[in-house]
Amino acid sequence: MKNLLIGIALIGLLATVLPSILVFSSAIEPATHKTMMVVGMILWFVTAPFFMKRRDSS
Amino acid sequence: MANEFERESVPENKLKGLRSFIGMYAGEHAAGTEFMIGPLFVTHGVTVFDVLVGLFLGNLMAVFSWRYLCAPIAVRIRQTMYYQLERICGIRLVALYNLANGLMFCFLAGAMVSVSATAVGIPFNMKMPGLNDWLPNSVGWIVAVAAVGLVISIVAAKGYDAVARFANIAAPWMVLVFLACGIAALPQLGIHSLADFWPVANEIVWTGVPIEGQTQYTFWHVFCFAWFCNLAMHVGMSDLSIFRYARKASYGYASAAGMYVGHYMAWISAALLYALQLKTDPSNTTVAPGPMAVSIAGLAGAVCVIVAGWTTANPTIYRAGLAFQILFRKWSRFRVTLLAGSLATIGAVFPALVMKLLDFVALYGLILMPMGTVILLDFWVLPKLNLKSFFAEAAGISVNWAAGAAWILTLCICLALFLLAGVEKFFLFIPGWFIAALLYIAGSMIIQRRAFREAGR
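Reading the values: the criteria
Throughout, a residue's number is its position along its own chain's written sequence, starting from 1. Lettering of chains starts at A and numbering of ligands starts at 1, both following the order in which they are written. Local features in this predicted model are restricted to residues of pLDDT 70 or higher, and side-chain atom pairs are both shown and tallied only at a pLDDT of 80 or more, whereas totals for entire chains, interfaces and linings draw on every residue. Here, residues touch in the contact sense if the C-beta positions derived from the backbone fall within 7 Å of one another. The helix and strand labels rest on DSSP assignments: H or I over at least four residues marks a helix, E over at least two residues marks a strand, and numbering proceeds from the N terminus. Gly is placed with the polar residues, together with every amino acid not listed as nonpolar (Ala, Val, Leu, Ile, Met, Phe, Trp, Tyr, Cys and Pro) or charged (Asp, Glu, Lys and Arg). Every angle, taken between N-to-C directions, lies between 0 and 180 degrees, and every axis is a line fitted to C-alpha atoms, over only the stretch in contact when it is a helix. Our angle categories are set so that under 35 degrees counts as roughly parallel, over 145 as roughly antiparallel, 65 to 115 as roughly perpendicular, and the remainder as oblique. By convention, the crossing between two helices is left-handed when the near helix turns anticlockwise from the far helix through less than a right angle, and right-handed when the turn is clockwise. Between the buried cut of 20 or more and the exposed cut of 12 or fewer other C-beta atoms within 10 Å of a residue's own C-beta lies the partly exposed class, and all C-beta atoms are placed from the backbone.

So, the interface of chain A and chain B
Piece 1. Across the boundary between the two partners, chain A contributes 22 residues, which contact 22 residues of chain B.
Piece 2. Contributing elements (two or more residues each) for the side of chain A that touches chain B: helix 1 (2-24) and helix 2 (30-51) of chain A.
Piece 3. Of all the elements, helix 2 of chain A adds the most residues to the side of chain A that touches chain B, at 9 residues.
Piece 4. Here the residues of the side of chain A that touches chain B are counted per class, giving 13 nonpolar, 6 polar and 3 charged.

See the structure below:
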């Protein structure tokens, strides 16, 4: 289960940064880029809290 | 509550690995204010070379300052900066330092609140403050700042553990949003390949011509700014509290993660966003991170600006509260943190705080730097001169005037250099460091020898 969450979170990070490279290479439109970034944000914030370690209080 | 070793050395079994420091620095230095600093360089007319090379070398100096000034003392003594200062300077002088530190934290947090407010105001079509505005330009701005400040202050006052955890989770995403914004802005600026970058950036982004009303900055301004941007933390030694958990002094190099992600890539990305705004509408010179990020990254950009401002303002207000608590000992942590949050919010209402962020950062570092010099000399130099380290503790005094004079006189001399000799504020910390060093050594010689003479009678 943890591995699945990590995989989805990584897809979220990829969906955040990869579209910008596609915009740069004119493969997608800026509007598509914005939508993909929102999807990436949701994927990351929905999954990351379940596997990222708690910050040490010190 | 976890033992944070506030008045003792960190034991061997509590030391942390290199990865903790890399993660912490990378996250902490991708703050809301990065959205401001990159564009402000553009407004001051720097060139591509100034930015790319000046930032690279200035950040390198900052990393070396952490590695060779701060970390070696931290791993030898393993105590917080505040406790070391108390032992050197005495409890009353530390209280004064805490007041200065707390106020600086408040205004820094205020700048972060302002950054978040620029994104919060977008759905309400709020008029953004202008580059040369000192006073709030609309009721909407005051309401947005007050709302953001209130929420952040209350959350900080209730203890910031949950926000710290959220900040930890948000950090990798935020860093990638910064990167994505920069890359996606390139084609709209007319950069379609690596070969396009230098000529187009020279012509459109970092043109070498300041915006009307702004002073001209050079390579040296960029270099020195990158170096002293965190002056209070490395030369000023406040990160002794961080590196006391490091196994080796070489962990000081972990600060490079923060410098080259937050203070290189993020500043450059933010500058590209601002250049795009100017290209679209040359009359729109305001530096408003919210609209800039939304124009490239849409909703994710707006969320990033809010989160970047919020997650960094929150611990800053909390730290300001801790600093003030030494002065208001009978106040609860909740009350004193609310006071710090209120000061931050009042500061944030005035756009000058964020539009003049580069100047504020220069002042912030300069005010706190002399005490770092005192710690450095007290540890390395005083024993070689047969003088006693941690003199306030040894003599049982509440004010060590050698340290007090080094601090106050250095600031007075720097002020005189600025006002009378016309030394640029960005460069003051270099003579300031040597002035503080000489004053502390001379003062320690006078005070300690007199104390020993009196003790011998």
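A look at the packing of helix 15 (residues 357-380) of chain B against helix 18 (residues 429-456) of chain B
Residue and element names in this part refer to chain B.
Piece 1. Viewed as axis vectors pointing N to C, helix 15 and helix 18 meet at an angle of 45°, and their least axial separation amounts to 9 Å. One element, helix 15, and the other, helix 18, form an angle in the oblique class. Classified by chirality, the crossing of helix 18 by helix 15 is right-handed. Contacts between helix 15 and helix 18 involve G365, L366, M369, P370, T373, V374 and L377 from the former and F429, G432, W433, A436, A437, Y440 and I441 from the latter.

Topic: unusual backbone geometry
All names here are of chain B.
Piece 1. Its identity is not glycine, yet N386 carries a phi of approximately 60°, on the positive side.
Piece 2. Residue placement: N386 occurs in the loop between helix 15 and helix 16 (391-395).
Piece 3. Take N386: there are 9 C-beta atoms within 10 Å of it, and that puts it in the exposed class.
Piece 4. We note that F390 has phi near 50°; this positive angle belongs to a residue other than glycine.
Piece 5. Take F390: it is sitting in the loop between helix 15 and helix 16.

Looking at the packing of helix 12 (residues 289-325) of chain B against helix 13 (residues 333-349) of chain B
Packed helices, taken two at a time, are described by their axes: the angle between them and the distance between them.
All names here are of chain B.
Piece 1. Viewed as axis vectors pointing N to C, helix 12 and helix 13 meet at an angle of 120°, and their least axial separation amounts to 8 Å. Our classification of the angle between helix 12 and helix 13 gives oblique. In this structure, the crossing between helix 12 and helix 13 has a hand that is right-handed. Mapping the contact onto sequence places I317, Y318, A320, G321, F324 and Q325 in helix 12 and R333, V336, T337, L339, A340, G341 and A344 in helix 13.
Piece 2. A breakdown of the residues in the contact of helix 12 with helix 13 according to their chemical character gives 8 nonpolar, 4 polar and 1 charged.

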